[in-house]
Amino acid sequence: QVQLVESGGGLVQAGGSLRLSCAASGRTFSMKAMGWFRQAPAKEREFVSAISWSSSTTLYADSVKGQFTISRDAAKNTVYLQMNSLKPEDTAVYYCAARTSFGDWRQLAQYAYWGQGTQVTVSS
C-alpha cells in the first residue's frame, strides 16, 4: 500500500502563491506517477497536474498551464505543486494521488491511492 499526506493549503489573497506538498510512505517503490486533483463546491473532481516518478515528465490541465508547476523529490518521496497568480476560481480542496500503473494520467479512476485533501481558498 501507499499512504499520502498533503499539506500547505490555506487562505491567500488573489495574486498570491502557495506550495502544496504530498509525502508518500509505504510501498513507494511501486509508484509510477503522482498527481494533483481538485474539487470545488458543487463541482466534480478534476485533474490538475501529474508527474512521472521515473522520468519527471509532467502533464498539466489547460486551465493551469503557466500558472502551476509540479515537481518531485524522489529521495524524500514527496511531490510538490507550486501555485502562482492564484485566482478565486482556484478555490477548491486539492488532493494528492498516486498510481502504480502506466496509462492516461488525466483520468481520476486510474489512481489507486489518495490523500485526505487540503483546502485552498483564494479571496478576491
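Only a predicted model underlies this, so the values are computations on that prediction, with no experimental measurement involved. (Residues numbered from 1 in each chain as written. Predicted model: local features only at pLDDT ≥ 70, side-chain atom pairs only at ≥ 80, totals over all residues. Heavy atoms only, no water.)

Our next topic: the overall build of the chain. Per the secondary structure count, the chain includes zero helices and eleven strands. When the helices and strands of the chain are read in sequence order from the N terminus, they spell out β-β-β-β-β-β-β-β-β-β-β. Expected size for 124 residues packed as a compact globule is a radius of gyration near 14 Å; at 13 Å, the chain falls within 12% of this value. The buried share among the 124 residues of the chain stands at 42%. Within the chain, counting contacts between residues at least 6 apart in sequence, those at least 24 apart form 57% of the total. Here the chain has roughly 6300 Å² of accessible surface; of this, 49% comes from carbon and sulfur atoms. The distance from the centre of the 12 positive side-chain charges to the centre of the 8 negative ones in the chain is 7 Å. (Helix = DSSP H or I, 4+ residues; strand = E, 2+ residues; numbered from the N terminus. Rg over C-alpha atoms; globule rule 2.2 N^0.38 Å. Buried < 20%, exposed > 50% of the residue type's maximum accessible area, 1.4 Å probe, protein only. Contact = heavy atoms within 4.5 Å. Areas by Shrake-Rupley, 256 points an atom, 1.4 Å probe, with all protein chains shown as cover. Lys, Arg positive; Asp, Glu negative; His and termini not counted. Charge placed at Lys NZ, Arg CZ, Asp CG, Glu CD.)

Right, let's get into the pairing of strand β7 (residues 68-73). Residues in a regular strand point their side chains to alternate faces of the sheet. Relative to strand β8 (residues 78-83), β7 runs antiparallel, the two being bridged by six bridges. Note on β8: the bridge partner recorded for Thr-69 is Gln-82. Connecting β7 to the next strand, β8, in antiparallel fashion are four residues, including Asn-77 with a positive phi near 50 degrees. (Pairing = 2+ DSSP bridges.)

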